[in-house]
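# Report on the structure
One-letter residues, chain by chain:
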Amino acid sequence: MVIKDLTVAEVDAFYNSFSLLMREGYGQFPHELREFFLTHDYLKDNFVNWLNRNIRKILISIEADGRVSGFLIGDHTYGGVAFISWIGVLPEFRNQGIASQLMKLYEIYVKSKQAHLIELFTYEAMKQFYEKRGFIEIGRRKQGFYGQLNLIMNKEIGDWNIDKLPR
Ligand SMILES: CC(C)(COP(=O)(O)OP(=O)(O)OC[C@H]1O[C@@H](n2cnc3c(N)ncnc32)[C@H](O)[C@@H]1OP(=O)(O)O)[C@@H](O)C(=O)NCCC(=O)NCCS
(Lines give C-alpha, C1' and ligand atoms only; values in the text may rest on other atoms or scores of the structure.)
Protein backbone atom coordinates (compact mmCIF):
# COMPACT_ATOMS: atom_id res chain seq x y z
CA MET A 1 0.00 0.00 0.00
CA VAL A 2 1.22 3.46 -0.89
CA ILE A 3 -0.19 6.83 0.13
CA LYS A 4 0.01 9.51 -2.54
CA ASP A 5 -1.74 12.49 -4.07
CA LEU A 6 -4.68 11.57 -6.28
CA THR A 7 -4.04 12.20 -9.97
CA VAL A 8 -6.51 12.39 -12.84
CA ALA A 9 -5.31 8.96 -14.04
CA GLU A 10 -6.51 7.44 -10.75
CA VAL A 11 -9.87 9.17 -10.56
CA ASP A 12 -11.84 6.12 -11.81
CA ALA A 13 -10.33 3.85 -9.13
CA PHE A 14 -10.77 6.57 -6.51
CA TYR A 15 -14.38 7.22 -7.46
CA ASN A 16 -15.28 3.53 -7.24
CA SER A 17 -14.16 3.56 -3.61
CA PHE A 18 -15.62 7.00 -2.89
CA SER A 19 -19.08 6.05 -4.18
CA LEU A 20 -18.96 2.70 -2.41
CA LEU A 21 -18.14 4.42 0.88
CA MET A 22 -20.71 7.14 0.32
CA ARG A 23 -23.33 4.38 0.20
CA GLU A 24 -21.85 2.18 2.94
CA GLY A 25 -19.78 4.35 5.21
CA TYR A 26 -21.47 7.62 6.10
CA GLY A 27 -24.60 6.17 7.66
CA GLN A 28 -25.12 9.23 9.83
CA PHE A 29 -26.38 11.02 6.70
CA PRO A 30 -29.83 10.15 5.32
CA HIS A 31 -29.79 7.96 2.21
CA GLU A 32 -31.24 10.77 0.03
CA LEU A 33 -28.46 13.15 1.04
CA ARG A 34 -25.73 10.62 0.19
CA GLU A 35 -27.29 10.04 -3.22
CA PHE A 36 -27.53 13.82 -3.67
CA PHE A 37 -23.79 14.15 -2.97
CA LEU A 38 -22.99 11.53 -5.59
CA THR A 39 -25.24 13.06 -8.24
CA HIS A 40 -24.53 16.75 -7.54
CA ASP A 41 -21.73 17.98 -5.26
CA TYR A 42 -19.32 15.08 -5.70
CA LEU A 43 -19.65 13.97 -9.32
CA LYS A 44 -16.61 12.25 -10.78
CA ASP A 45 -16.16 15.20 -13.16
CA ASN A 46 -15.99 17.59 -10.23
CA PHE A 47 -12.98 15.70 -8.89
CA VAL A 48 -11.27 15.92 -12.28
CA ASN A 49 -11.98 19.62 -12.33
CA TRP A 50 -10.67 20.15 -8.79
CA LEU A 51 -7.51 18.22 -9.62
CA ASN A 52 -6.91 20.13 -12.85
CA ARG A 53 -7.32 23.42 -11.02
CA ASN A 54 -5.50 22.23 -7.87
CA ILE A 55 -8.43 23.26 -5.73
CA ARG A 56 -8.28 20.45 -3.18
CA LYS A 57 -5.67 18.28 -1.53
CA ILE A 58 -6.73 14.67 -2.06
CA LEU A 59 -4.62 11.86 -0.62
CA ILE A 60 -5.31 8.23 -1.46
CA SER A 61 -3.99 4.91 -0.26
CA ILE A 62 -3.56 2.67 -3.26
CA GLU A 63 -3.06 -1.09 -3.14
CA ALA A 64 -0.78 -3.19 -5.37
CA ASP A 65 -3.82 -4.28 -7.42
CA GLY A 66 -4.75 -0.64 -8.14
CA ARG A 67 -7.65 -0.51 -5.71
CA VAL A 68 -7.98 2.72 -3.76
CA SER A 69 -8.40 1.47 -0.18
CA GLY A 70 -8.76 4.88 1.45
CA PHE A 71 -8.83 8.62 0.91
CA LEU A 72 -8.66 11.97 2.63
CA ILE A 73 -10.19 15.00 0.96
CA GLY A 74 -9.03 18.32 2.35
CA ASP A 75 -8.18 21.81 1.29
CA HIS A 76 -4.79 23.47 0.88
CA THR A 77 -5.42 25.68 3.97
CA TYR A 78 -6.79 29.18 4.18
CA GLY A 79 -5.52 31.70 6.71
CA GLY A 80 -3.59 28.95 8.46
CA VAL A 81 -6.63 26.71 8.92
CA ALA A 82 -6.73 23.39 7.09
CA PHE A 83 -10.09 21.74 6.58
CA ILE A 84 -10.70 18.00 6.12
CA SER A 85 -13.97 17.27 4.31
CA TRP A 86 -13.93 13.47 4.00
CA ILE A 87 -11.94 10.52 5.30
CA GLY A 88 -12.85 7.01 4.28
CA VAL A 89 -11.34 3.53 4.23
CA LEU A 90 -12.98 0.53 2.54
CA PRO A 91 -14.36 -1.97 5.10
CA GLU A 92 -11.88 -4.75 4.23
CA PHE A 93 -8.90 -2.43 4.89
CA ARG A 94 -10.03 -0.94 8.21
CA ASN A 95 -8.15 -1.07 11.50
CA GLN A 96 -4.76 -1.29 9.82
CA GLY A 97 -3.88 2.33 10.45
CA ILE A 98 -4.68 3.66 6.95
CA ALA A 99 -6.88 6.56 8.11
CA SER A 100 -4.30 7.48 10.74
CA GLN A 101 -1.54 7.52 8.12
CA LEU A 102 -3.63 9.63 5.73
CA MET A 103 -4.21 12.14 8.54
CA LYS A 104 -0.53 12.17 9.48
CA LEU A 105 0.53 12.91 5.90
CA TYR A 106 -2.11 15.60 5.54
CA GLU A 107 -0.82 17.19 8.74
CA ILE A 108 2.75 17.19 7.41
CA TYR A 109 1.50 18.78 4.18
CA VAL A 110 -0.51 21.55 5.86
CA LYS A 111 2.34 22.31 8.27
CA SER A 112 4.46 22.91 5.18
CA LYS A 113 1.78 25.45 4.20
CA GLN A 114 2.18 27.17 7.60
CA ALA A 115 -1.13 25.95 9.01
CA HIS A 116 -1.69 26.25 12.73
CA LEU A 117 -5.02 24.38 12.90
CA ILE A 118 -6.73 21.42 11.29
CA GLU A 119 -10.53 21.50 11.45
CA LEU A 120 -13.16 18.92 10.61
CA PHE A 121 -16.83 18.20 11.23
CA THR A 122 -17.89 14.83 12.47
CA TYR A 123 -20.55 13.05 14.54
CA GLU A 124 -20.77 11.47 17.98
CA ALA A 125 -19.61 7.94 17.09
CA MET A 126 -16.35 9.26 15.60
CA LYS A 127 -15.49 11.74 18.36
CA GLN A 128 -13.21 9.40 20.28
CA PHE A 129 -11.33 8.40 17.12
CA TYR A 130 -10.37 12.03 16.51
CA GLU A 131 -9.70 12.77 20.19
CA LYS A 132 -7.12 9.97 20.20
CA ARG A 133 -5.48 11.71 17.28
CA GLY A 134 -5.17 15.07 19.00
CA PHE A 135 -8.46 16.79 18.08
CA ILE A 136 -10.81 18.43 20.57
CA GLU A 137 -14.46 19.36 20.22
CA ILE A 138 -14.80 23.12 19.92
CA GLY A 139 -18.55 23.28 19.41
CA ARG A 140 -21.50 21.83 17.62
CA ARG A 141 -24.38 22.91 15.43
CA LYS A 142 -27.57 20.95 15.75
CA GLN A 143 -28.49 21.79 12.18
CA GLY A 144 -25.42 22.64 10.13
CA PHE A 145 -24.79 21.95 6.45
CA TYR A 146 -27.79 20.17 4.90
CA GLY A 147 -29.45 20.26 8.31
CA GLN A 148 -26.99 17.74 9.74
CA LEU A 149 -25.34 17.77 13.15
CA ASN A 150 -21.88 19.33 12.85
CA LEU A 151 -19.68 18.28 15.72
CA ILE A 152 -16.81 20.68 15.11
CA MET A 153 -13.34 19.53 16.11
CA ASN A 154 -9.91 20.94 15.60
CA LYS A 155 -6.29 20.09 16.27
CA GLU A 156 -3.70 22.73 17.07
CA ILE A 157 -0.53 22.10 15.11
CA GLY A 158 1.26 25.41 15.54
CA ASP A 159 0.87 29.08 16.31
CA TRP A 160 -0.29 31.81 14.02
CA ASN A 161 1.91 34.84 13.62
CA ILE A 162 1.96 37.71 11.17
CA ASP A 163 5.18 36.46 9.53
CA LYS A 164 3.12 33.60 8.16
CA LEU A 165 1.22 35.89 5.77
CA PRO A 166 1.94 34.65 2.24
CA ARG A 167 4.07 37.22 0.39
C1 LIG B 1 -13.39 5.87 10.33
C2 LIG B 1 -12.46 5.23 9.31
C3 LIG B 1 -12.00 6.26 8.29
C4 LIG B 1 -11.24 4.66 10.06
O5 LIG B 1 -10.34 4.11 9.12
P6 LIG B 1 -9.22 3.05 9.55
O7 LIG B 1 -8.20 2.98 8.49
O8 LIG B 1 -9.87 1.80 9.97
O9 LIG B 1 -8.61 3.78 10.85
P10 LIG B 1 -7.28 3.40 11.60
O11 LIG B 1 -6.92 1.98 11.29
O12 LIG B 1 -6.26 4.44 11.39
O13 LIG B 1 -7.75 3.53 13.09
C14 LIG B 1 -8.65 2.56 13.61
C15 LIG B 1 -9.53 3.24 14.63
O16 LIG B 1 -10.76 3.66 14.02
C17 LIG B 1 -11.85 3.23 14.83
N18 LIG B 1 -13.01 3.08 13.96
C19 LIG B 1 -13.10 2.35 12.86
N20 LIG B 1 -14.34 2.45 12.34
C21 LIG B 1 -15.04 3.27 13.14
C22 LIG B 1 -16.37 3.75 13.14
N23 LIG B 1 -17.25 3.41 12.19
N24 LIG B 1 -16.76 4.56 14.14
C25 LIG B 1 -15.89 4.91 15.11
N26 LIG B 1 -14.60 4.50 15.14
C27 LIG B 1 -14.20 3.67 14.18
C28 LIG B 1 -11.35 1.94 15.43
O29 LIG B 1 -12.09 1.63 16.57
C30 LIG B 1 -9.90 2.30 15.77
O31 LIG B 1 -9.88 3.02 16.95
P32 LIG B 1 -8.53 3.36 17.78
O33 LIG B 1 -7.33 2.99 16.95
O34 LIG B 1 -8.58 4.83 18.00
O35 LIG B 1 -8.67 2.58 19.01
C36 LIG B 1 -13.17 4.05 8.59
O37 LIG B 1 -13.71 3.20 9.55
C38 LIG B 1 -14.31 4.50 7.67
O39 LIG B 1 -14.08 4.76 6.51
N40 LIG B 1 -15.55 4.55 8.18
C41 LIG B 1 -16.69 4.94 7.37
C42 LIG B 1 -16.61 6.38 6.94
C43 LIG B 1 -16.55 7.35 8.11
O44 LIG B 1 -17.31 7.24 9.06
N45 LIG B 1 -15.60 8.33 8.04
C46 LIG B 1 -15.41 9.32 9.06
C47 LIG B 1 -16.40 10.40 8.89
S48 LIG B 1 -16.12 11.77 9.99
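Details of the structure are given in the entry above.
Basis of the calculations
- Residues numbered from 1 in each chain as written.
- Predicted model: local features only at pLDDT ≥ 70, side-chain atom pairs only at ≥ 80, totals over all residues.
- Helix = DSSP H or I, 4+ residues; strand = E, 2+ residues; numbered from the N terminus.
- Rg over C-alpha atoms; globule rule 2.2 N^0.38 Å.
- Buried ≥ 20, exposed ≤ 12 C-beta atoms within 10 Å, placed from the backbone.
- Contact = placed C-beta atoms within 7 Å.
- Pairing = 2+ DSSP bridges.
- Axes fitted to C-alpha atoms, helices over the stretch in contact; angles between N-to-C directions.
- Parallel < 35°, antiparallel > 145°, perpendicular 65-115°, else oblique.
- Left-handed = near helix turned anticlockwise from the far one by under 90°.
- Core = buried A, V, L, I, M, F, W, Y, C linked by C-beta atoms within 7 Å.
- Near = placed C-beta within 6 Å.
- Nonpolar A, V, L, I, M, F, W, Y, C, P; charged D, E, K, R; others polar.

Next up on the list: the overall build of the chain. A tally of helices and strands in the chain yields five helices and seven strands. When the elements of the chain are put in sequence order from the N terminus, they spell out β-α-α-α-β-β-β-α-β-α-β-β. In terms of C-alpha radius of gyration, the chain reaches 16 Å, essentially the compact-globule figure of 15 Å for 167 residues. Its C-alpha atoms give the chain principal-axis dimensions of roughly 45 × 35 × 30 Å. Going through the 167 residues of the chain one by one, you find that 28% of them count as buried. In the chain, the proportion of contacts linking residues at least 24 apart, taken out of those at least 6 apart, comes to 61%.

Sheet strands pair by backbone hydrogen bonding; their relative direction is either parallel or antiparallel. Read across the open sheet, the seven strands follow the order β1-β2-β3-β4-β5-β7-β6; overall the sheet is mixed. Lying at the two open borders of the sheet, with one neighbouring strand each, are β1 (2–5) and β6 (136–141). Direction aside, neighbouring strands of the sheet carry axes that sit 25 degrees apart on average. In the sheet, strand β4 (residues 81–89) pairs with strand β5 (residues 117–122) via four bridges, with the strands oriented parallel. By the bridge assignment, V81 is partnered in β5 with L117. Along the sheet, helix α1 (residues 11–24) contacts β2 (57–62), β3 (68–74) and β4; its crossing angle with β3, the most-contacted strand, is approximately 85 degrees. In the packing of helix α4 (residues 98–112) onto the sheet, the strands contacted are β1, β2, β3, β4 and β5, and the crossing angle to β3 comes to about 35 degrees.

Attention shifts here to the packing of α1 against helix α2 (residues 31–41). A packed helix pair is summarised by two numbers, namely the angle formed by the two axes and the spacing between the axes. As a packed pair, α1 and α2 sit with axes 9 Å apart at the nearest point and diverge in direction by 160 degrees. The angle between the axes of α1 and α2 places the two elements in the roughly antiparallel class. Like other packed secondary-structure pairs, α1 and α2 cross with a definite hand, here right-handed. Contacts between α1 and α2 pair S19, M22 and R23 from the former with R34, F37 and L38 from the latter.

In most cases, non-glycine residues show a negative phi, while peptide bonds are predominantly trans. Backbone geometry at N54 places phi at a positive 50 degrees, although glycine is not the residue there. The residue N54 is located in the loop between α3 (44–52) and β2 in this model. N54 gets classed as exposed once you count the C-beta atoms within 10 Å, which come to 8. If you check the backbone angles, T77 has positive phi at about 90 degrees while not being a glycine. For T77, the location among the structural elements is in the loop between β3 and β4. Of the residues examined, T77 has 20 C-beta atoms within 10 Å and is grouped as buried.

Moving on, we get to the nonpolar core. Ranked by size, the top nonpolar core spans 33 residues in total, and within it I60, F71, L72 and L102 carry the most contacts. For this core, the elements supplying multiple residues, two or more each, are α1, β2, β3, β4, α4, β5 and β7 (150–156). No other element matches the six residues that α4 contributes to this core.

For the ligand, the set of nearby residues contains 19 residues, the closest of which are G25, V89, R94, A99 and S100. Looking at the shell around the ligand, the elements with two or more residues in it are β4, α4 and α5 (127–132). A breakdown of the residues in the shell around the ligand according to their chemical character gives nine nonpolar, eight polar and two charged.

What follows covers the environment of L117. With respect to the secondary-structure elements, L117 resides in strand β5. Distance in space between the C-alpha atoms of L117 and F83 is 8.5 Å, their sequence separation being 34 residues. Sequence-distant contacts of L117, that is, excluding residues within four places in its chain, are made with G80, V81, A82, N154, K155, E156 and I157.

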